[in-house]
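# Summary of structural features
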Amino acid sequence: MILLDPPLWPNHGRVWGHLVSDASLEELHAFAARAGIPPRAFDRDHYDYPEERREALVELGAVEVSTRELIRRLRASGLRVTAAQRRAG
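Now for a description of the structure that goes with this document. If you're wondering where the values come from, they're calculated on a predicted model, not measured in any experiment.

## A few points about the layout of surface pockets
Empty space within the largest pocket amounts to approximately 330 Å³. In terms of lining, the largest pocket is formed by 15 residues, of which the most central are Trp16, Ala41, Asp48, Tyr49 and Pro50. Among the secondary structure elements, those contributing two or more residues to the lining of the largest pocket are β2 (9–11), β3 (14–21) and β4 (47–50). Of the residues contributing to the lining of the largest pocket, the split by class is eight nonpolar, three polar and four charged.

Right, here's the structure in full:
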């Protein structure tokens, strides 16, 4: 399942949310490609999406969840990249 959390993070003059899969990175990449999200928006375990794309992503099948639920489901899937892993490169 593709999940997205509310756009809450301002950066580059926009507000961003996260798009993840609770099943596989292949599912996530395929959804992002269908949605027209560029590969540069991928950050190890999620894609960043701008607030103005939220509705279109939901129409394509993404399910809105809280940030807490998104992280819980990402951890449960085994796809979560931890802060320590990010620092290690």
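## What to know about helix α1 (residues 25–35)
What α1 keeps buried is the set Leu28, Phe31, Ala32 and Ala35. Along the long axis of α1, the arc covered by the buried residues comes to 100 degrees, so they all point the same way. Facing away from the buried side of α1 by over 90 degrees, the exposed positions are Glu26, Ala33 and Arg34. As for α1, its buried residues are in contact with β1 (2–4), β3, β4 and α2 (54–59).

Cut-off values and rules
Residues numbered from 1 in each chain as written. Predicted model: local features only at pLDDT ≥ 70, side-chain atom pairs only at ≥ 80, totals over all residues. Heavy atoms only, no water. 1 Å grid on protein atoms, 1.4 Å probe; cavity = no way out; pocket = protein on both sides within 12 Å on 5 of 7 lines; lining within 4 Å. Points joined across faces, edges and corners; volume = space filled by probe spheres on them. Helix = DSSP H or I, 4+ residues; strand = E, 2+ residues; numbered from the N terminus. Nonpolar A, V, L, I, M, F, W, Y, C, P; charged D, E, K, R; others polar. Buried < 20%, exposed > 50% of the residue type's maximum accessible area, 1.4 Å probe, protein only. Arc of directions from axis to C-beta. Contact = heavy atoms within 4.5 Å.

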